[in-house]
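Chain and residue survey
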Amino acid sequence: MIRIVLVGDTLSGKSTLFDSLLYNQSFESFCTTISPTFGIYLDKYILYDTPSDRRWRTFANPYIKVADAAIVLFDAEEGGEGVEEWKNYVKDTNGKNIPMLVVANVKNKFKHEKQPNVLYINCKEDVHDKLQPFLTSLQSDPKISIGLVDYLLLLLPSVEDVSDRMGQLQIPGCLQQ
């Protein structure tokens, strides 16, 4: 299976793209993603939806480390200022030069100044056909083969990651109910 990690700034549309691909619908989310989620797409791809907020980013690192490819999202209205930072973060965390697709999430139908090498889509609409050229170009790395338990342990944060963050822990308002 080919592992694809979704990264990008907060509210860029990562979870919306994830839901559109896996469930053919999007859910109106009122809370930012704080823990990674994964799902199987087309029996060939594992998609990882990751948090982007710096205080939760440590939890995304194990998913970025094992990724075979990345989709870097940004909000077309906000511009893609953070794209290069995310591309560098993925490259540094993953340690390999994996394929990356830059996607601008077009939420409204106004004119955008289009940048080269960027796919402009509305993550709430049918995205399957638009992502297909990128997906079919990917190949899994057959040299990577670890057991299920080792893989699950890789995805869990280390004790140091959690203990370092305990003093900075702030629970979002939507979870304080």
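Shown above is the structure to which this text applies.
Residues numbered from 1 in each chain as written. Predicted model: local features only at pLDDT ≥ 70, side-chain atom pairs only at ≥ 80, totals over all residues. Heavy atoms only, no water.

**Quick look at the overall build of the protein chain**
Filter applied, for reference: Helix numbers and strand numbers start at the N terminus; a helix is a DSSP run of H or I with at least 4 residues, a strand a run of E with at least 2. Per-residue accessibility, obtained with a 1.4 Å probe over protein chains only, is compared with the maximum for each type, and a residue is labelled buried under 20%, exposed over 50%, and partly exposed between these values. Two residues qualify as a contact provided that any one of their heavy atoms is within 4.5 Å of a heavy atom in the partner residue. We get accessible surface area from the Shrake-Rupley algorithm with a probe of 1.4 Å; when it comes to residues, only the shown protein chains can shield them.
Looking only at helices and strands, the protein chain has six helices and six strands in total. Seen in sequence order, the protein chain has helices and strands lined up from the N terminus as β-α-β-β-α-β-α-β-β-α-α-α. Per-residue burial over the protein chain gives 44% buried out of 177 residues. Of the contacts made within the protein chain by residues no fewer than 6 positions apart, 69% connect residues no fewer than 24 positions apart. Total accessible area computed for the protein chain in this model is approximately 10300 Å², and 52% of it derives from carbon and sulfur atoms.

**Side note on the environment of Asp49**
Just so we agree on the cut-off: For this analysis, a polar contact is any N or O atom pair within 3.5 Å, provided that within protein one partner can donate a hydrogen and the other can accept it, and provided that sequence-adjacent residues contribute only side-chain to side-chain pairs.
Residue position: Asp49 is located in strand E3 (residues 45-49). When its relative accessible area of 3% is taken as the criterion, Asp49 is described as buried. Through-space distance from the C-alpha of Asp49 to that of Asp19 is 9.4 Å; in sequence the pair is 30 residues apart. Of note is the side chain of Asp49, whose polar atom sits 2.6 Å from the side chain of Ser15.

**Quick word on the sheet that holds strand E2 (residues 37-41)**
The criterion, for reference: Pairing between two strands is assigned when DSSP locates at least 2 bridges connecting them. The convention used is that axes are lines fitted to C-alpha atoms, helices contributing only their stretch in contact, and that angles between N-to-C directions extend from 0 to 180 degrees.
An order of E2-E3-E1-E4-E5-E6 is seen for the six strands of this open sheet, with the pairing classed as mixed. The open sheet is flanked by E2 and strand E6 (119-121), the only strands paired with a single partner. Within the sheet, the average angular offset between the axes of one strand and its neighbour, ignoring direction, is 25°. Note that strand E4 (residues 69-75) and strand E5 (residues 100-105) share six bridges and pair parallel. The partner of Asp75 across the bridge, within E5, is Asn105. Across the sheet, helix H4 (residues 128-137) lies against strand E1 (2-8), E2, E3, E4, E5 and E6, angled at about 165° from E5, the strand it touches most.

**Quick notes on helix H1 (residues 14-23)**
Among the ten residues that make up H1, seven are buried, leaving the element largely enclosed by the rest of the structure. Within H1 the residues assigned to the buried category are Lys14, Thr16, Leu17, Phe18, Asp19, Ser20 and Leu21. Summarising the contacts, the buried residues of H1 are in contact with E1, E2, E3, E4, E6 and H4.

**So, the environment of Ile2**
Along the polypeptide, Ile2 turns up in strand E1. On the basis of relative accessibility, which here comes to 3%, the residue Ile2 falls in the buried class.

**Examining the side chain of Ser12**
With respect to the helices and strands, Ser12 occurs in the loop between E1 and H1. For Ser12, a relative accessible area of 1% corresponds to the buried category. Within the structure, Ser12 has its side chain in polar contact with the backbone oxygen of Asp9 (distance 2.8 Å). When neighbours within four sequence positions are excluded, Ser12 is seen to be in contact with Leu73, Phe74, Asp75 and Asn105.

Coordinates in, geometry out; function isn't part of it.
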